[in-house]
Amino acid sequence: MSLIDDAKAAREKAHAPYSKFKVGAALRVPSGEVFVGCNVENIAYPEGTCAEAGAIAAMVVAGHTEISEITVIADCPEPIPPCGGCRQKIAEFAAGNAKVVLATMDGVTKETTVADLLPGAFSSTHFDKG
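What you see as residue numbers is a count from 1 along each chain, following the sequence as written. In keeping with the predicted nature of the model, local features appear solely for residues at pLDDT of at least 70, side-chain atom pairs appear and are counted solely at 80 or more, and the whole-chain, interface and lining totals rest on all residues. Side-chain figures throughout are based on the complete set of non-hydrogen atoms in the structure, without hydrogens or water.

Peer 1: Got a minute to help me understand the nonpolar core in this structure?
Peer 2: When a protein is soluble and globular, its nonpolar side chains tend to lie buried together. Counting 22 residues, the largest nonpolar core has Leu27, Met59 and Ile67 as the members making the most contacts within it. Elements with a minimum of two residues in this core: β1 (23–28), α2 (51–61), β3 (67–74), β4 (94–104) and α4 (114–117). Contacts are residue-level and defined by heavy atoms, with any inter-residue pair within 4.5 Å sufficient. Excluding residues that lie within four positions of it along the chain, methionine 59 makes contacts with Leu27, Val29, Phe35, His64, Thr65, Glu66, Ile67 and Phe93. Joining through side-chain atoms within 4.5 Å is the link that ties buried Ala, Val, Leu, Ile, Met, Phe, Trp, Tyr and Cys residues into a set, and such a set is a nonpolar core. Think of it in three bands: residues with accessible area under 20% of the maximum for their type are buried, residues over 50% are exposed, and the middle band is partly exposed, with areas taken using a 1.4 Å probe on protein chains only. Grouped together as the second largest cluster of nonpolar side chains are five residues, Ala7, Ala26, Ile73 and Ala103 included. In this text, helices come from DSSP runs of H or I with a minimum length of four residues, and strands from runs of E with a minimum of two, each type numbered from the N-terminal end.

So, in structure tokens, the structure goes:
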């Protein structure tokens, strides 16, 4: 199964009763294992969880800390980009050249990289006093 298929399957489990906007994410770690997430809304909108954050949390719980590639999918006219917060979360665990696939349910895809999604990402190197 491809990461797009995994993200589609995760999307179907999204809890989006308010916006009706379901999002799925699937990521692969260097070992080849795949972790998925879906958005989980809450009536207090800021308290919801994005699909990417859910996939990252599942990865971390399983003991992994590196994303090799990630796919995000939603039913929209153009490929769906991660929100700003999720871009930073992805950058925490992925190299700048890690592959990111943005997709629609109609099969439109856009391939990019973590660095292109979040140029100038805040990182632990900003804490170095060198």
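Next comes the rest of the write-up.
Peer 1: Would you explain the environment of glycine 54 in this entry?
Peer 2: With respect to the helices and strands, glycine 54 occurs in helix α2. When the C-alpha positions of glycine 54 and valine 40 are compared, they lie 8.7 Å apart, and in sequence the two are 14 residues distant.

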